[in-house]
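Residue-level listing of the chains:
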Amino acid sequence: MMRFSRRELIKWGTVSGIALSMTRLADAAIPSFLERETLPGRGIRHPALGRVDGVAKVTGAKLYASDFRSPDLPGWPAETHHALLVRSPDASHVYQGLDLDRLARIARPAVVITAPDITRIGARVPEFYAGDLFCPPGTTPLYLGQPVALLIFDSFDDYDRSRVAMRDGNYLHFGAETGPVAGPNYGAFRFTRVAGPTPDAPDVYSPIQEGWISPGFVESNGRPVWQVLPDAKGPEYVKGATHGAAIRHQLAKPDPALLVLDRSFQTQSIDPMFLEPEAGMGYFEPTAKKLEIVLGVQSPFEAASAIATLLGEAIADFKPARIDGQFCYVGGGFGGRDHTPFPLYVALAAMFLPGRAVRLAHDRFQQFQGGIKRHAFKIRNQIAVDRASGRITAFAADHVLDGGGLMNYSVSVAVVAATGAIGMYDVPKVDVTTVAEHTRGVTAGSMRGYGTVQGLTALETLIDEVCTTLQLDPIEFRRRNALKVGGRTLTGNPLSVSVRAPEILDRLDRHPIWRQRAAEKAKARPGFLIGTGVACASKDYGTGADCSLGTVEIDAEGRVSIHGDAVEMGNGIGTALANRVAGHIGAQAEAVTVAQVGVFDALGLVTSGDPYSMTQKEQDKAAALPRWVPSISSATSASIGAHVGTQAAAEAARVVFRFGLWPAALALWGIAPADPRALQWRDAFWQDQMLVLSGLLPLPLKAIAAEAHRQGGVTAAMTHAFSRWAWSQASFSLQGEEWSADIDALAVRRGAGPFQVLDRKAAAFPPTEYNRIGTAFASMCGTTVRVEIECATGALRIAKAYSVVECGEALVPQIVLGQAQGGFAMGVGQALLEFLPPFEDGPGNGNWNLGRYVVARASDLPLHDLEIDILPPLSPREPPKGMAEVVMIPVVPALLNAIRDATGHRFQSLPVTAAMIKGVLA
């Protein structure tokens, strides 16, 4: 994956010379921000099967960014001012300006911020968001929905009148038609693999061996030239393209022994449609030069760093000395709040109205117009299958995705889609090209499924067509071609986690929905058709540069507190943290705080460079700094919540147990350090907050904690972990013992003292060549559905559905179930309902809301006939896997395959609406 680069040395807590922090605000009457966000809270009952945030959520506590107003925050002004972000519905004419005189008849803004103001104050756009923050008058907007002005109002009524007027009236002036602004495409890659003669033999060619390649030439329209053309600057491409061309020649050459299919498929742009539109507040106190921000984002450290970069070289009045980032629970993210530019506008609103609090909050119209969308894909797939064996012999694909007007994550989405293009199958010859195009559309970026839902929908419908053409059982065909343990992915590396494809296929095969498909089809009512479909998916989780920060503390009463940098956005990360830590500490935490930015100062971390593109030499040189890590904090995205988000806290809990609670327990048991039983800490376990070791009296946690504090043992630990498809590792000297763990930074507290950072020894960061891997961690899921279609109307009802998913250790099984149910609903929306037209008729025109955009409702779902099967871990030691994306992906092609089974027609674009179905039945 590729992201923006960082060449400067960034210290934890300091970016561009601006201090970043999380401050514990205190006031006698008003709860502090962190008190509101720390759950469940002292004395609050936490049911064993419940979420730590469950009570707060259902009782309407202020948790989300949209909940807060200035009086809710101690030390903030009593009045809340309101900002309105005005966006352009046009991207092909010269923007001439905003009609403020006409607007003044409705409401007069106190402050108007436009492109010249950004230049005047010396603000700079962070590299990831390269492009004008506001369209300068006299130029053509870069894309539909580009901001042109930020208006700040003294009263809510003035803001509200202007908000409605801007939607219904034309207050923006445009001049001559210029056509869309031309720009280079965001990226193009080719991934080619040719396997060796046997499964154990080295690949003839693969990306992990040779590196990733891009073509050196483009056509006049900006499209890459994929042919084998000599390029002095990129000879590596010639080698890969030669192998790719040979694969495509094989696919084009007639061979009666092979079935070759060549199909095109198209997926649509959709909105993440999270429940809470983007919202935030800012307050700049000019005397202290402190900017306080309240936000709900998936990437807190990135948001704070981006704001610091934005203002880091501004003139004195617009450069804060300190940014206090206060990050809330997120009311749904689905990727759409990962690296969103929205926080930049919140910060600007606060800076241009110093001494007063400003709230910027999208309504649903504004969120549709300016929020990040899923990439629309155009896909061409070619597949060759040996007729005799039913084995896939070759596969080729070409992906073209619409990235919209700003790059955002388009390159990364293109890479993930391409490297995941063969799903859960073992294919010996593969050639995939991909290009992320620049267009005038609304910006596309991260969203649940992240490229794979597009590619695998096209693949799994193609697989289904192979099976119907060759009259092969769809599950048996998948079984023959499924990736096995040790088998190589498209990039040429084996997955480094369990591979559960055979078990998933077996369970699908045994399920009544699948077993009874012929009988149910025969029983269809007059005027109705019944069809059954199946599909499978493998989805990577992680990005190759994932981080985890965590602190675990236990007081003398045995009460546990946890701090983490992962974000709660419906993924239950707070509960996952509590459950994973409880396995080591023995008790559910009474205080869990997520989305933390400034409570890890004791680690003194620094970073530099780009973890995705740095060389091994650069990493080795940087790692000589004792506090250096490849990246400090990452977004809660790419399904890393359970796998990455809990890692640091789990390792911190292990330290607290081993060097705090275990020595205290030995003292209470009267076991001397020289006694062999003193080394049996791995054999001890917790039951009902009692520590149990065979042959000894169980000890209550409260007594152990009190003794640990009396001894001055380790009662708190703070750690950092980094993953590049493997965890960083380091050792530390603790109480005369060398402690090694999958972390790279550690600080401990003894008794009630302060945190003290420990120097690491023998640190090992994953090699930079691992960036070639693309996919090392993956989860798998399969879905089968039965649909009933009314011939007269084309209306489709999902009669029954079954999904089976594997996720390693399920930290919170109820949340895994909920994620699978939600993923099913999103899959239904993508397959049958949701659609955003490109360009002028799409959301960038500002006229889209839920009156036009249809999402799955209860009536669209098999509420009482959806079964979710969660495979148990292979071993008690199998770590948690990311599964929130994979549970959505097979739902889409399974529905399309069921529609084909019912109607005999195979649709090659999304969504498949009732009108489309009726059209093929007429």
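Presented here is an overview of the structure given in this document. (Residues numbered from 1 in each chain as written. Predicted model: local features only at pLDDT ≥ 70, side-chain atom pairs only at ≥ 80, totals over all residues. Heavy atoms only, no water.)

1. Things to note about the overall build of the chain
Rules: In this description a helix means any DSSP run of H or I spanning at least four residues, a strand means any run of E spanning at least two, and both kinds are numbered starting from the N terminus. As defined in this context, the radius of gyration uses C-alpha atoms, and a globule is described by 2.2 Å times the residue total to the power 0.38. Exposure classes here rest on a 1.4 Å probe applied to the protein chains alone. A residue is buried below 20% of its type maximum, exposed above 50%, and partly exposed in between. Only heavy atoms matter for contacts: two residues are in contact if any of them lie within 4.5 Å across the pair. Where accessible areas are quoted, they stem from the Shrake-Rupley method and a 1.4 Å probe; at the residue level, only the protein chains shown are allowed to cover. Here Asp and Glu are counted as negative and Lys and Arg as positive; His is not counted, and neither are the chain ends. Taken as the charge centre is NZ of Lys, CZ of Arg, CG of Asp or CD of Glu, depending on the residue.
Looking only at helices and strands, one finds 24 helices and 35 strands in the chain. For the chain, the C-alpha radius of gyration of 28 Å lies close to 29 Å, the compact-globule estimate for 922 residues. Scored against the burial criterion, the 922 residues of the chain give a buried share of 61%. Counting contacts in the chain only where the partners sit at least 6 residues apart, residues at least 24 apart contribute 80% of the total. Only carbon and sulfur atoms are counted for the fraction: they give 54% of the accessible area of the chain, which is about 33200 Å². Of the side-chain charges in the chain, 87 are positive and 91 negative, and the distance between the mean point of each set is 2 Å.

2. Considering the pattern of salt bridges
Basically, it comes down to this: A side-chain nitrogen of Lys or Arg and a carboxyl oxygen of Asp or Glu constitute a salt bridge if their distance falls within 4 Å.
Evaluated as defined, the whole model comprises 55 salt bridges. Arg 51 serves as the salt-bridge partner of Glu 568, at 3.1 Å between the closest nitrogen and oxygen. You can see Glu 568 sitting in the loop between strand 21 (560–564) and helix 17 (573–585) and its partner Arg 51 sitting in the loop between strand 4 (39–40) and helix 2 (54–58), a full 517 residues away along the chain. With a shortest N-O distance of 2.6 Å, Glu 707 and Arg 710 are connected by a salt bridge. Note that Glu 707 and Arg 710 are positioned in helix 21 (residues 701–711) at a spacing of three residues, about one turn of the helix. For Arg 710, a relative accessible area of 61% puts it in the exposed group. One continuous salt-bridge network, built from bridges that share partners, spans Arg 263, Asp 464, Glu 465, Lys 521, Arg 900, Asp 901 and Arg 906.

3. Section: the sheet that holds strand 4
Strand pairing in a sheet takes place through backbone hydrogen bonds and is either antiparallel or parallel in direction. Our working rule: Whether two strands pair depends on DSSP finding at least two bridges between them. Orientation is described by lines fitted to C-alpha atoms, with helices fitted over the stretch in contact, and by angles between N-to-C directions that extend from 0 to 180 degrees.
If you walk across this open sheet you meet the seven strands as 4-22-21-20-27-30-31, and the pairing is mixed. Here the strands that pair on one side only, and so sit at the sheet edges, are strand 4 and strand 31 (755–758). The pairing of strand 20 (residues 546–554) with strand 27 (residues 714–723) spans eight bridges and is classified as antiparallel. Across the sheet, residue Glu 553 finds its bridge partner in strand 27, namely Ala 716. Contacting strand 20, strand 21 and strand 22 (591–593), helix 17 crosses the sheet at an angle of about 130 degrees to strand 21.

4. Here's the deal with the packing of aromatic side chains
The condition that has to hold: In this scheme Phe, Tyr and Trp rings, the latter by its six-membered ring, pair at centre separations within 6.5 Å, and the angle between planes marks the pair as stacked below 30 degrees, edge-to-face above 60, and tilted otherwise. Two limits define a charge over a ring: the Lys NZ or Arg CZ must be within 6 Å of the ring centre, and within 35 degrees of the ring normal.
Using the criterion set out here, one finds 21 aromatic pairs in the structure. Between the aromatic rings of Phe 33 and Phe 68, the centroid separation amounts to 5.4 Å while the plane-to-plane angle is 45 degrees, which identifies the pairing as tilted. Here Phe 68 lies in the loop between helix 2 and strand 5 (80–87) and Phe 33 lies in helix 1 (residues 33–37), a separation of 35 residues in the sequence. For Phe 33, a relative accessible area of 1% corresponds to the buried category. Take Phe 68: its relative accessible area is 0%, and that puts it in the buried class. Each ring, one from Trp 725 and one from Phe 777, has its centre 5.6 Å from the other, and the planes form 70 degrees; the classification is edge-to-face. Here Phe 777 lies in the loop between strand 32 (760–764) and strand 33 (778–790) and Trp 725 lies in the loop between strand 27 and strand 28 (729–734), a separation of 52 residues in the sequence. A single burial state applies to Trp 725 and to Phe 777, both of which are buried. One aromatic cluster is present, built from ring pairs that chain together Phe 128, Tyr 129, Tyr 409 and Tyr 450. Above the face of the Phe 659 ring, Arg 658 is positioned so that its terminal group lies 4.9 Å from the ring centre.

5. Structural notes on the pairing of strand 33
Among the 13 residues that make up strand 33, 12 are buried, leaving the element largely enclosed by the rest of the structure. The sheet contact formed by strand 19 (residues 528–540) and strand 33 spans 13 bridges and is antiparallel. Residue pairing across strands places Ser 538 opposite Met 780, the latter belonging to strand 33. The sheet contact formed by strand 33 and strand 34 (residues 796–806) spans nine bridges and is antiparallel.

6. Quick look at the sheet that holds strand 25 (residues 690–692)
Judged by pairing direction, the sheet is antiparallel, and its three strands sit side by side in the order 24-25-26 without closing on themselves. Strand pairing shows two members of the sheet lacking a second neighbour, strand 24 (685–687) and strand 26 (699–700), which therefore form its edges.

7. Concerning the packing of helix 13 (residues 474–481) against helix 14 (residues 501–510)
Helix-helix packing is characterised by the crossing angle of the two axes and by the distance between the axes. The test is simple: Roughly parallel covers angles under 35 degrees, roughly antiparallel covers those over 145, roughly perpendicular covers 65 to 115, and oblique covers all other angles. Residues are grouped as follows: Ala, Val, Leu, Ile, Met, Phe, Trp, Tyr, Cys and Pro are nonpolar; Asp, Glu, Lys and Arg are charged; every other residue, Gly included, is polar.
Viewed as axis vectors pointing N to C, helix 13 and helix 14 meet at an angle of 170 degrees, and their least axial separation amounts to 10 Å. Overall, the two elements helix 13 and helix 14 adopt an arrangement that is roughly antiparallel. Residues Ile 475, Arg 478 and Arg 479 of helix 13 form the contact with helix 14, whose participating residues are Leu 505, Asp 506, Leu 508 and Asp 509. In terms of residue class, the contact of helix 13 with helix 14 is built from three nonpolar, no polar and four charged.

8. Here we look at unusual backbone geometry
With an omega dihedral of 0 degrees, the bond running from Leu 39 to Pro 40 counts as a cis peptide bond. Structurally, the position occupied by Pro 40 is in strand 4. Note that the residue after Leu 910, namely Pro 911, is joined by a cis bond; omega there is -5 degrees. Here Pro 911 lies in the loop between helix 23 (891–903) and helix 24 (914–921).

9. Some points on the environment of Leu 896
Here Leu 896 lies in helix 23. Take Leu 896: its relative accessible area is 5%, and that puts it in the buried class. C-alpha of Leu 896 to C-alpha of Ala 745: the two residues are 151 residues apart in sequence and 48 Å apart in space. With sequence-adjacent residues up to four places away left out, Leu 896 is seen in contact with Phe 265, Thr 457, Thr 461, Ala 831, Phe 907, Leu 910 and Val 912.

10. Quick look at the nonpolar core
Where a protein is soluble and globular, its nonpolar side chains tend to be buried together. Put simply, the test is: For the purposes of this section, nonpolar cores are sets of buried Ala, Val, Leu, Ile, Met, Phe, Trp, Tyr and Cys residues that join through side-chain atoms within 4.5 Å.
Judged by nonpolar contacts, the single largest core of 165 residues is most densely connected at Phe 134, Leu 291, Leu 348 and Phe 395. With 65 residues, the next largest nonpolar core counts Val 52, Leu 577, Val 714 and Leu 734 among its residues.

11. Describing helix 14
Residue pairs three or four apart in sequence face the same way in an α-helix, which turns once every 3.6 residues. Stated precisely, the cut-off is as follows: Directions are taken from the helix axis to each C-beta atom, and the arc is the one they span.
Buried within helix 14 are the following residues: Ala 501, Ile 504, Leu 505, Leu 508 and Asp 509. For helix 14, the angular spread of buried residues about the axis comes to 135 degrees, placing them on one side. Looking at the buried side of helix 14, the elements it contacts are helix 13, helix 15 (512–515), strand 19, strand 33, strand 34 and strand 35 (866–871).

12. Brief notes about the packing of helix 17 against helix 20 (residues 647–669)
To keep things clear, this is the line we draw: The hand of a helix crossing depends on one turn: near helix anticlockwise from the far one by less than a right angle means left-handed, and clockwise means right-handed.
Packing of helix 17 against helix 20 brings their axes to within 8 Å, and their N-to-C directions diverge by 20 degrees. Classified by the interaxial angle, the pair formed by helix 17 and helix 20 is roughly parallel. Between helix 17 and helix 20 the crossing geometry is right-handed. Contacts between helix 17 and helix 20 involve Leu 577, Arg 580, Val 581, His 584 and Ile 585 from the former and Gln 647, Ala 649, Ala 650, Ala 653, Arg 654, Val 656, Phe 657 and Leu 661 from the latter. When the residues that make up the contact of helix 17 with helix 20 are grouped by side-chain class, the tally is nine nonpolar, two polar and two charged.

13. Quick notes on the side chain of Thr 38
Heads up, the condition is: The term polar contact refers here to a pair of N or O atoms within 3.5 Å; inside protein, the definition further demands a hydrogen-donor-capable atom paired with an acceptor-capable atom, and it admits residues adjacent in sequence only when both atoms are side-chain atoms.
Along the chain, Thr 38 turns up in the loop between helix 1 and strand 4. Judged by its relative accessible area of 16%, Thr 38 falls in the buried class. In terms of polar contacts, Thr 38 uses its side chain to reach the backbone carbonyl oxygen of Leu 34, at 2.6 Å. If sequence neighbours within four positions are ignored, Thr 38 has contacts with Ala 591, Val 592 and Thr 593.

14. Quick look at helix 17
Cut-off, in case you're wondering: In this analysis, the expected span of each helix is defined as 1.5 Å times one less than the number of residues it contains.
For helix 17, built from 13 residues, the straight-helix expectation of 18 Å at 1.5 Å per residue is met to within 8% by its first-to-last C-alpha distance of 18 Å. Where helix 17 is concerned, the buried positions are Ile 573, Gly 574, Thr 575, Ala 576, Leu 577, Ala 578, Arg 580, Val 581, Ala 582 and Ile 585. Where helix 17 terminates, the next one or two residues include Gly 586, which has phi positive at roughly 100 degrees.

15. Concerning the environment of Glu 503
Topologically, Glu 503 is positioned in helix 14. Classification of Glu 503 by relative accessible area gives partly exposed; the value is 30%. As a C-alpha pair, Glu 503 and Phe 835 span 332 residues in sequence and 35 Å in three-dimensional space. Excluding anything up to four places from it in sequence, Glu 503 contacts Leu 871 and Leu 874.

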